[in-house]
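These are the residues of each chain, in order.
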Amino acid sequence: MNITILANRDLPANFALNLLLPQLQQHNVTVFLSQQVGKADDHQGLISELSHFESSIVLPLIDEKALDSQLSRHTGFKGFVHLEQHTSGPITFLNHINSPAGLETLANSHPDLIISIRFGRILQSEAIQIPKYGVINLHSGLLPQYRGVMATFWAMLNEEKTIGTTLHTIDDAGIDTGRIISTATLDIDPEKSYLWHVLHLYQSAPEQILNYINALIEKSPLPKMVQSGEGNYFGFPDASALKDFDDRGLKIYDHHELAEFLSRYYQVTIADKEAN
């Protein structure tokens, strides 16, 4: 099957791809990236700081081009460049996916299925109609209660007990309004940061997505549930919401948690350790 993945250039999407791509080796996989979700003006305070920290420091750090040559054989997770060993070609940006040139680029990947993971653009009907088996999106929130962006932030602020991911179809240009395929949940730990929760949500990504792909291959489509009710749409938090988040003792990100998480990218084989 030809599978085209649309993802964002951020740490959670990179983590999800590290988990998913090795399990898609029997398929022909193309990956396109967006550079950000929303506009830069939407990001305030610690959200802007986190976005800059990810794009300017963390992602270059985990790209193997930036690693010491002694660690070039590491067996841990990989940056976007070296994830290309699992794809049919280079991982490139496709920020203007709905433009004539963008649609041509998308169509030239000949997708049977398009999978969106944190992609920063809303697909219009021309793009949605390209793949034979349609478009699915892994949303980092439970639908329809938490449509939009940063669902985990809003769920934590609303003192929910659990957060989750929802795999759903993209049938039109509506935001997170498609039919629900599956959900996976995670208990909230108020001692952990927003980023920690988002990263751990994506541990369920391979199972949800692979179940759907296997059902397509076996011609036994999984049931899809139409969302009921209007649901709730959330945008980027403003200064007031960020202050409320902080006042409740909640954190956007934590350096110690991040350092522990990034250790997954720096694992080396025993042979490499002995050689050094």
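So, how was this worked out
Counting from 1, residues in each chain are numbered in the order their sequence is written. Confidence filtering applies because this is a predicted model: local features only for residues at pLDDT of at least 70, side-chain atom pairs given and counted only at 80 or more, and all residues used for totals across whole chains, interfaces and linings. Side-chain measures were taken over the full set of non-hydrogen atoms in the model, leaving aside hydrogen atoms and water. Only DSSP runs of H or I reaching four residues or more are called helices, and only runs of E reaching two or more are called strands; each is numbered from the N terminus. Working definition: with a 1.4 Å probe on protein chains only, accessible area under 20% of the residue-type maximum means buried, over 50% means exposed, and in between means partly exposed. Only the protein chains shown count as cover for residues, and the accessible areas themselves come from Shrake-Rupley with a 1.4 Å probe. In this description, a nonpolar core means a group of buried Ala, Val, Leu, Ile, Met, Phe, Trp, Tyr and Cys residues linked to one another through side-chain atoms lying within 4.5 Å. Strands qualify as paired when DSSP identifies two bridges or more between them. Any Phe, Tyr or Trp ring, taking Trp's six-membered ring, that has another such ring centre within 6.5 Å forms a pair; planes under 30 degrees apart are called stacked, those over 60 apart edge-to-face, and the others tilted. Scored from 0 to 100, pLDDT records how confident the predictor is in each individual residue. Any pair of residues with heavy atoms lying within 4.5 Å of one another is described as a contacting pair. By convention in these notes, a salt bridge is any Lys or Arg side-chain nitrogen within 4 Å of a carboxyl oxygen on Asp or Glu.

Visitor: Mind showing me how you'd approach the overall build of the protein chain here?
Guide: The helix and strand tally for the protein chain stands at ten helices and nine strands. Put simply, the protein chain has 276 residues, and 50% of those count as buried. Only carbon and sulfur atoms are counted for the fraction: they give 50% of the accessible area of the protein chain, which is about 13100 Å².

Visitor: Is there a simple way to explain the nonpolar core in this structure?
Guide: The nonpolar side chains of a soluble globular protein tend to be buried with one another. Formed by 64 residues in total, the largest nonpolar core has its most connected members in Ile 5 and Phe 153. In this structure, Leu 6, Leu 106, Ile 114 and Val 135 belong to the second largest nonpolar core, which totals 13 residues.

Visitor: What should I look at first to understand the pairing of strand 4 (residues 113-117) in this one?
Guide: Two faces, one strand: in a regular strand the side chains alternate between the faces of the sheet. Counting buried positions along strand 4 yields five of five residues, so the element is predominantly enclosed. Pairing of strand 1 (residues 2-8) with strand 4, which is carried by five bridges, proceeds in the parallel orientation. Paired with Leu 6 across the strands is Ser 116, a residue of strand 4.

Visitor: Got a minute to help me understand the packing of aromatic side chains in this structure?
Guide: For any pair of aromatic rings, the description rests on two quantities: the centre-to-centre distance and the angle between the ring planes. Scanning the model with the defined rule gives nine aromatic pairs in all. Taking 5.7 Å as the distance between ring centres and 50° as the angle between the ring planes, the aromatic pair formed by Phe 15 and Phe 77 counts as tilted. A residue pair is termed long-range when its members are at least 10 positions apart, and Phe 15 in helix 1 (residues 11-20) and Phe 77 in the loop between helix 2 (45-62) and strand 3 (92-93) qualify at 62 residues. Both residues of the pair, Phe 15 and Phe 77, count as buried. On the numbers, 5.6 Å between centres and 80° between planes, the contact of Phe 77 with Tyr 265 is edge-to-face. Here Tyr 265 lies in the loop between helix 9 (255-262) and helix 10 (270-275) and Phe 77 lies in the loop between helix 2 and strand 3, a separation of 188 residues in the sequence. Each of the two residues, Phe 77 as well as Tyr 265, counts as buried.

Visitor: Where do I start with the confidence of the model for the protein chain in this structure?
Guide: Low pLDDT means the predicted atomic positions in that stretch should not be read closely. The pLDDT averaged across the protein chain works out to 90; a share of 89% of its residues lies at or above 70. Segment residues 68-72: pLDDT under 50, and four contacts once partners within four positions in sequence are set aside and those in other chains are kept. The low-confidence segment residues 269-276 (pLDDT under 50) makes seven contacts with residues lying over four places distant or belonging to another chain.

Visitor: What is the right way to read the pattern of salt bridges from this model?
Guide: Proximity of charged atoms lets side chains of opposite charge pair with each other. Scanning the model with the defined rule gives six salt bridges in all. For Arg 118, the salt bridge is made with Asp 10, and the minimal N-O distance between the two is 3.0 Å. Linking Arg 118 in the loop between strand 4 and helix 4 (125-128) with Asp 10 in the loop between strand 1 and helix 1, this pair joins segments that are 108 residues apart in sequence. The class for Asp 10 is buried, based on a relative accessible area of 7%. Three or more residues joined by partner-sharing salt bridges are found here, namely Glu 159, Asp 244 and Arg 248.

Visitor: What exactly am I supposed to notice about unusual backbone geometry here?
Guide: Glycine aside, residues mostly have negative phi, and peptide bonds are mostly found in the trans state. A cis amide bond, omega 5°, links Leu 143 with the succeeding residue Pro 144. As for its position among the elements, Pro 144 is in the loop between strand 5 (135-139) and strand 6 (147-148). Even without a glycine there, the phi angle at Glu 159 is positive, about 60°. Of note, Glu 159 is situated in the loop between helix 5 (151-157) and strand 7 (162-170). The exposure class assigned to Glu 159 is exposed, which follows from its relative accessible area of 59%. A positive phi is found at Lys 219, a non-glycine position, where the angle reads about 55°.

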